[in-house]
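Notes for the structure review
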Amino acid sequence: ITMMGELRNALPRKELQLYFQPVVELASGRVAKGEALLRWMHPQKGMLLPSEFIALAEESGLIHEFGNWVFMQASAWSKRWTELTGTLFQVSVNASPVQFMQRKRALHWGRYLSELGLAWNSMSVEITEGVLFNTSSSTAEQLLDMRDAGIQVAIDDFGTGYSSMAYLKRFDVDYLKIDQSFVRGTAPNSTRRTIAETIIVMAHKLGLKVIAEGVETPEQRDWLQHAGCDFGQGYLFSQPVPPEEFEQLLSLHSPAV
Ligand code: G
Ligand code: G
Ligand code: MN
Ligand code: NA
């Protein structure tokens, strides 16, 4: 059987699983949000990461089915964690550009959220800059529908793509996620760090919140917080973990000091 054949069976055979990585509010150290990351528990090969199967899912069209499953699962976890913590607990999902080509996607997700009785802003969708660069009317329509459905939008890996300020303004997104490569800049006057600090200032002027990715050390967390960055995500706080393990991080403050 081909990998494609196996991938077709992955959902009915319950081999897909969501992991979650905490997003920490830097000022308080509180786990404020979570990002859902897809895993394929392959019966022979073990746990496969998205880089090993998402492209195949996109080519085959399975990505639509997978993406809907991811959204529904993640919504249910948002509902549970909101109840557990007593405050709105937003969960984000990643979406491929291909998913935006399917019309009415956001409308269906919005309807699903209201059936579940989820509050506004319970969910956010992470897209790459390439999605904004796509000028098709379907993309613009989907982004507007997201807004109407109370689903927030984050630009993932910001700084690695086209990074056009004009698109940010035009599409009215909610979060910028600074790509890991800029967070790696350690020296105070390094180019990477300067870019990260500039992105933070720009985002705030446009009314967007900023999430830094790939935060691995207390030093990185500290300069990001000092630069006014709102949230951090990375191995310093936690790797992506299964939901049961994620839940244990919720009542606690960030374990890293
Ligand atoms: O932790 P990690 O190796 O899981 O993530 C790698 C990449 O896979 C990330 O860039 C992320 O955007 C992508 N990814 C993770 N989960 C999903 C998903 O459910 N759908 C899509 N389309 N991409 C995902
Ligand atoms: O969706 P996105 O492209 O942002 O996916 C994030 C990827 O980065 C995932 O593969 C995730 O496992 C990985 N990741 C998350 N935190 C860290 C970190 O602190 N360091 C490194 N090197 N990778 C991370
Ligand atoms: Mn992401
Ligand atoms: Na990213």
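It should be emphasised that the depicted structure is a prediction, and the values quoted were computed from it without experimental measurement. What you see as residue numbers is a count from 1 along each chain, following the sequence as written. To read the labels, note that chains go from A and ligands from 1, taken in the order they are written. With the structure being a predicted model, the display of local features is reserved for residues of pLDDT at least 70 and the display and counting of side-chain atom pairs for 80 or more, all residues being used for whole-chain, interface and lining totals.

For the rest of this paragraph, the subject is the overall build of the protein chain. Secondary structure elements are taken from DSSP: a helix is a run of H or I of four residues or more, a strand is a run of E of two residues or more, and numbering for both begins at the N terminus. Along the backbone of the protein chain there are 11 helices and 9 strands. With the radius of gyration taken over C-alpha atoms, the globule rule is written as 2.2 Å times the number of residues to the power 0.38. Against the globule reference of 18 Å for 257 residues, the protein chain gives a C-alpha radius of gyration of 18 Å, in line with a compact fold. Across the 257 residues of the protein chain, 36% fall into the buried class. The contact criterion used here is simple: two residues whose C-beta atoms, placed from the backbone, lie within 7 Å are in contact. If you take every contact in the protein chain between residues at least 6 apart in sequence, the share linking residues at least 24 apart comes to 65%. Once C-beta atoms are placed from the backbone, each residue is buried if 20 or more other C-beta atoms lie within 10 Å of its own, exposed if 12 or fewer, and partly exposed for counts between those two.

We now examine the confidence of the model for the protein chain. Interpretation of the predicted coordinates at a detailed level should be avoided for regions scoring low in pLDDT. Scored between 0 and 100, pLDDT is the confidence that the predictor attaches to each residue. Scored by pLDDT, the protein chain comes out at a mean of 92, with 96% of its residues at no less than 70. Every residue in residues 252–257 is under pLDDT 50, and counting partners more than four places away or in other chains gives 9 contacts. Interface predicted TM-score (ipTM) for the complex: 0.96; the corresponding pTM is 0.95.

Time to look at the nonpolar core. Counting residues in each nonpolar core, the largest one holds 61 residues, and the members touching the most others are Val70, Ala74, Leu176, Ile178, Ile199, Val210 and Ala212. Tallying contributions element by element places helix α3 (residues 62–85) first for this core, with 6 residues. In this structure, Leu176 is in contact with Ile155, Phe158, Ile199, Ala203, Leu208 and Val210, ignoring residues within four places of it in sequence. Joining buried Ala, Val, Leu, Ile, Met, Phe, Trp, Tyr and Cys residues through C-beta atoms within 7 Å gives a set, and that set is a nonpolar core.

This brings us to the environment of Leu116. With respect to the helices and strands, the residue Leu116 is situated in helix α4 (residues 105–116). By C-beta crowding, Leu116 is classed as partly exposed, having 13 other C-beta atoms within 10 Å. Here the alpha-carbon distance between Leu116 and Thr82, two residues 34 residues apart in the chain, equals 13 Å. Look past the residues within four positions of Leu116 in its chain and what remains in contact with it is Ser75 and Lys79.

So, about the site of ligand 1. Neighbouring ligand 1 are 13 residues; Leu37, Leu38, Pro50, Asn94 and Ser96 lie closest to it. Ten residue types, Ala, Val, Leu, Ile, Met, Phe, Trp, Tyr, Cys and Pro, are classed as nonpolar, four, Asp, Glu, Lys and Arg, as charged, and the remainder, Gly among them, as polar. Counted by class, the shell around ligand 1 contains 9 nonpolar, 3 polar and 1 charged residues. Each residue receives a C-beta atom placed from its backbone. It is near a molecule or strand if this atom lies within 6 Å of it.

A separate point is the packing of α4 against helix α6 (residues 137–148). Between the N-to-C directions of two axes lies an angle of 0 to 180 degrees, each axis being a line fitted to C-alpha atoms and, for a helix, fitted only over the stretch in contact. Contact geometry of α4 with α6 gives a least axis separation of 8 Å together with a crossing angle of 15°. Comparing the axis directions of α4 and α6 gives the class roughly parallel. Crossing of α4 against α6: the hand is right-handed. Between α4 and α6, the contacting residues are Arg105, Ala106, Leu107 and Gly110 on the first element and Gln142, Asp145, Met146 and Asp148 on the second. Grouping the amino acids of the contact of α4 with α6 by side-chain chemistry returns 3 nonpolar, 2 polar and 3 charged. Any angle between 65 and 115 degrees counts as roughly perpendicular, while under 35 counts as roughly parallel, over 145 as roughly antiparallel, and the rest as oblique. By definition, any crossing whose near helix is turned counterclockwise from its far helix by less than a right angle is left-handed, and any crossing with a clockwise turn is right-handed.

Time to look at unusual backbone geometry. We note that Lys14 has phi near 60°; this positive angle belongs to a residue other than glycine. Looking at where Lys14 falls in the secondary structure, it is placed in the loop between α1 (3–10) and β1 (16–25). A count of 8 C-beta atoms within 10 Å places Lys14 in the exposed class. Positive phi values are uncommon outside glycine, yet Asp157 reaches one of about 55°. One can find Asp157 in strand β6 (residues 152–158).

Okay, the environment of Ala106 next. Note that Ala106 resides in helix α4. Spatially, the C-alpha atom of Ala106 lies 28 Å from that of Glu6, the residues being 100 residues apart in sequence. Leaving out residues up to four positions away in the same chain, Ala106 has contacts with Gln142, Asp145, Met146, Ala149 and Ile151.

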